[in-house]
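Topology and contacts: notes
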Amino acid sequence: AQTVTQSQPEMSVQEAETVTLSCTYDTSESDYYLFWYKQPPSRQMILVIRQEAYKQQNATENRFSVNFQKAAKSFSLKISDSQLGDAAMYFCAYNPGTASKLTFGTGTRLQVTL
Amino acid sequence: NAGVMQNPRHLVRRRGQEARLRCSPMKGHSHVYWYRQLPEEGLKFMVYLQKENIIDESGMPKERFSAEFPKEGPSILRIQQVVRGDSAAYFCASSPGTESYNEQFFGPGTRLTVL
């Protein structure tokens, strides 16, 4: 069974600084997809970024980028120029592909300080 | 294009009552997923449905819980004889089911409180 592990329950970053959230996963599949979701206090789940396992290039979305290490089964999220609105729970998720459930990690609560 | 709709947003039930949670997927989406989030935890998969069919219910408790996605109308997650441990946020997500990466779009969730 696939598992997703987020070992950092809480992280803190100063505004305008950079922070990296860690995620590791376990799977026997060779093709799959990895996601980072943000859950602000409103509890709405918002997709931040997606990575296809067959792509060697790391995904980037504005201030958000990932470091995908397939051999190490690691998928970290880097947030650059942190903003107060980035404060939220961040969940890493795994999906083996079409018509499949998402398997989530336990989340990392990110605090952004002035 | 409206997003995934869930209602009610908040639901309070007493122990032993029934809870019905509704989910209307995004227009054009025929795949619906239900997830449960217990306090201070991540989301856990419950069930995956396509129109009129349950595809994967491996995360659904064997008793008291059921789900449906009829040909017409929203998907319904039904919890019979609720207990305090059912208190959680229940999220519905939908996808068109056509892309390989299966991006799922989430609704705002229903927060169930069992007294």
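Higher on the page you've got the structure.
Residues numbered from 1 in each chain as written. Chains lettered and ligands numbered in written order. Predicted model: local features only at pLDDT ≥ 70, side-chain atom pairs only at ≥ 80, totals over all residues. Heavy atoms only, no water.

**Focus on the pairing of strand 8 (residues 64-69) of chain A**
Residue and element names in this part refer to chain A. Pairing geometry for strand 7 (residues 60-61) and strand 8, over two bridges, is antiparallel. Within strand 8, the position partnered with glutamate 61 by the bridge is phenylalanine 64. Where strand 7 folds back on strand 8, the antiparallel hairpin that results is connected by two residues, among which asparagine 62 adopts a positive phi of roughly 55°. Judged from the six bridges that link them, strand 8 and strand 9 (residues 74-79) form a sheet pairing that is antiparallel. Of the residues in strand 9, the one forming a bridge with serine 65 is lysine 78. Here strand 8 folds back onto strand 9, and the loop between the two strands holds four residues, one of which, lysine 73, carries a positive phi near 55°. (Pairing = 2+ DSSP bridges. Helix = DSSP H or I, 4+ residues; strand = E, 2+ residues; numbered from the N terminus.)

**Here we look at the nonpolar core**
Generally speaking, nonpolar side chains in soluble globular proteins are found buried as a group. Core analysis: the largest hydrophobic core is formed by 25 residues, its most contacted members being Tyr25(A), Trp36(A), Phe75(A), Leu77(A) and Tyr90(A). Among the elements of the structure, strand 3 (19-21), strand 5 (33-39), strand 6 (46-52), strand 8, strand 9, strand 10 (88-95) and strand 12 (108-113) of chain A are those that each provide at least two residues to this core. At four residues, the largest contribution of residues to this core is made by strand 10 of chain A. Not counting residues up to four positions away in its chain, the partners in contact with Tyr25(A) are Thr3(A), Val4(A), Tyr32(A), Leu34(A), Phe68(A), Gln69(A), Lys70(A), Lys73(A), Ser74(A), Phe75(A) and Tyr94(A). Residues Met26(B), Phe65(B), Phe69(B) and Val114(B) belong to the second largest nonpolar core, which totals 23 residues. (Core = buried A, V, L, I, M, F, W, Y, C linked by side-chain atoms within 4.5 Å. Buried < 20%, exposed > 50% of the residue type's maximum accessible area, 1.4 Å probe, protein only. Contact = heavy atoms within 4.5 Å.)

**A few points about the side chain of His29(B)**
Residue and element names in this part refer to chain B. Note on placement: histidine 29 falls in the loop between strand 3 (19-24) and strand 4 (31-37). A relative accessible area of 12% places histidine 29 in the buried class. Within polar-contact distance, the side chain of histidine 29 engages the backbone nitrogen of serine 95 at 3.4 Å. Every residue in contact with histidine 29, bar those within four places of it in the chain, is listed here: Ser94, Ser95, Pro96 and Phe105. (Polar contact = N/O pair within 3.5 Å; in protein donor to acceptor, adjacent residues only side chain to side chain.)

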